Amino acid sequence: MTHVAEIVTFTLAEGTSPEAFVKLSQSTESFVRAAPGFAHRHLSQGEDGRWTDYVVWQDMNAAQTAAAEFPQQEFAPALMAAINPESLQMRHEAVLWNMT
C-alpha cells in the first residue's frame, strides 16, 4: 500500500502572527487524528515566510475524505482566514520511501 502525502504551502494573511497560526493549527488536531487513514503531520515555516502543512494519509481516499470534511469543521473559518488565499497551493504525492 502506498501512503499519500498531502502538501499544502501558503503564507499567512496580513496581521496573523506565527504564534496565533500555530494555535489555530493545533485546534485541528482532534479532527485530523480521528480521521480514518491519518498517519502523521508536520507544520513548518521557511525562512522566506512560506509555511508547509505536510500530512501523510494511508491512501488517496483517506486524504480526499478528510479534505472534503475539513471545511465543515468549526475551526475551518478562522484557520482559512489566517491564510493568504492567493498563496495557497495544495498537492498530493505518493510516498515512495520513508525513513524514521
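Each remark here, short or long, concerns the structure printed above.
Presented here is a report on the structure given in the accompanying data block.

Reading the values: the criteria
Residue numbers restart at each chain and count upward from 1, following the sequence in its written direction. Local features in this predicted model are restricted to residues whose pLDDT is 70 or higher, and side-chain atom pairs enter the listing and the counts only when it is 80 or higher, whereas totals over whole chains, interfaces and linings include all residues. Note that water and hydrogens are dropped before the side-chain values are worked out from all heavy atoms of the structure. Criterion used throughout: strands pair if DSSP finds at least two bridges between them. Elements are defined by DSSP. Helices are runs of H or I of four residues or more, strands are runs of E of two residues or more, and each kind is numbered from the N terminus. Angles run from 0 to 180 degrees between N-to-C directions of axes, and those axes are lines fitted to C-alpha atoms, restricted for helices to the stretch in contact. Any two residues having at least one pair of non-hydrogen atoms within 4.5 Å are treated as being in contact. Each residue's exposure class comes from its accessible area (1.4 Å probe, protein chains only) as a fraction of the maximum for that residue type: buried when under 20%, exposed when over 50%, partly exposed otherwise.

Some points on the sheet that holds strand S4 (residues 89-94)
With antiparallel pairing, the four strands of this open sheet are ordered in space as S2-S3-S1-S4. The open sheet is flanked by strand S2 (38-45) and S4, the only strands paired with a single partner. Direction aside, the axes of adjacent strands within the sheet are offset by 15° on average. Across seven bridges, strand S1 (residues 4-10) lies against strand S3 (residues 51-57) in antiparallel orientation. Residue pairing across strands places Thr9 opposite Thr52, the latter belonging to S3. Seen against the sheet, helix H1 (residues 18-26) touches S1, S2 and S3 and runs at an angle of roughly 170° to S2. Strands S1, S3 and S4 of the sheet are contacted by helix H3 (residues 60-69), whose axis makes an angle of about 40° with S1.

A look at the pairing of S3
Two faces make up the sheet, and in a regular strand the side chains alternate between them. Counting buried positions over the seven residues of S3 gives five, a clear majority of the element. The antiparallel pairing of S2 with S3 creates a hairpin that spans five residues between the two strands, and Gly49 there sits at a positive phi of about 90°.

What about the pairing of S2?
When S2 meets S3, the two strands line up antiparallel, connected through seven bridges. Bridge pairing in S3 links Leu43 to Asp53.

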